[in-house]
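Structural features, examined
The residues making up each chain are set out below.
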Amino acid sequence: MSLSLTRAAAEDLLYREALYLDTRRWDEWLALYLPDATFHVPAWRDETSQTQDPETELSLVWYKGRANLEDRVWRARSGLSLASSPLPRVVHLIANVVVEDAQVEAGTGVVGSAFTVHLHDPRAERTHAFFGRYRHVLVEHDGAWRIAAKTVHLLNDVIPTVIDFHSL
């Protein structure tokens, strides 16, 4: 039986992802992603267009496969990464969730949303907000929706601090 990708189901998944990042429940966050999932934050080519292909063009962040996300989680927990020593405090706000495409028979869907992430960097004793749009490609897997791809279209890309998966 195929799940219906309703706006409520999409919101639940996106809100849960945000909560897991905010509360550093990274094992639960990773469980939302399929093994071959991608996580992409394209760079801006110019003032009006972003890069498209993370394999051949510059990206701010590019992780191919959940194993790479698992590595980033390990680094964040270990304190061995500049982005994780100490970890910033963050809160993700998700809005304007729209199911842009749902292929019930295929068990797939595309969800767009707007986001703001408020981040406090204790090293620099400053606060910053990132904002933009998310695009999630979802796939039905074992009776639940899972993330096959996440693209973060960061609109304010002048970055005054280190960014990583947990801060976007």
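Report follows, based on the coordinates. (Residues numbered from 1 in each chain as written. Predicted model: local features only at pLDDT ≥ 70, side-chain atom pairs only at ≥ 80, totals over all residues. Heavy atoms only, no water.)

To continue, consider the side chain of S167. With respect to the helices and strands, S167 occurs in the segment after β6 (144-154). Overall, S167 belongs to the buried group, its relative accessible area being 0%. Here D164 takes part through its backbone nitrogen, which lies 2.9 Å from a polar atom of the side chain of S167. Those residues within four positions of S167 in sequence are excluded, and the remaining contacts are V90, H92, V117, L119, F130 and V162. (Helix = DSSP H or I, 4+ residues; strand = E, 2+ residues; numbered from the N terminus. Buried < 20%, exposed > 50% of the residue type's maximum accessible area, 1.4 Å probe, protein only. Polar contact = N/O pair within 3.5 Å; in protein donor to acceptor, adjacent residues only side chain to side chain. Contact = heavy atoms within 4.5 Å.)

Across the sheet, which stays open at both edges, the six strands sit in the order β2-β1-β6-β5-β4-β3 with mixed pairing between neighbours. At either margin of the open sheet sits one strand with a lone partner, and together these are β2 (59-64) and β3 (89-103). Going from strand to strand, the sheet's axes swing by 20° on average, the running direction of each strand aside. In the sheet, strand β4 (residues 108-121) pairs with strand β5 (residues 126-141) via 14 bridges, with the strands oriented antiparallel. The partner of G112 across the bridge, within β5, is R135. (Pairing = 2+ DSSP bridges. Axes fitted to C-alpha atoms, helices over the stretch in contact; angles between N-to-C directions.)

Another aspect to go through is the side chain of S113. Tracing the sequence through the fold places S113 in strand β4. Relative accessible area serves as the criterion here: at 0%, S113 is assigned to the buried category.

What follows covers the pattern of salt bridges. All chains considered together, the criterion is met by 11 salt bridges. Here K150 ties to E17 by a salt bridge, and the two come within 3.1 Å at their closest N and O atoms. Within this pair, whereas K150 is found in strand β6, its partner E17 is found in helix α1 (residues 7-22), the two being separated by 133 residues in sequence. On the basis of relative accessible area, E17 is assigned to the buried category, the value being 2%. With its nearest N and O atoms 2.4 Å apart, the salt bridge here joins R45 to E57. Of the two residues, R45 sits in the loop between β1 (33-42) and β2 while E57 sits in the loop between β1 and β2, which places them 12 residues apart along the sequence. Owing to a relative accessible area of 44%, R45 belongs among the partly exposed residues under this scheme. (Salt bridge = Lys/Arg side-chain N within 4 Å of Asp/Glu carboxyl O.)

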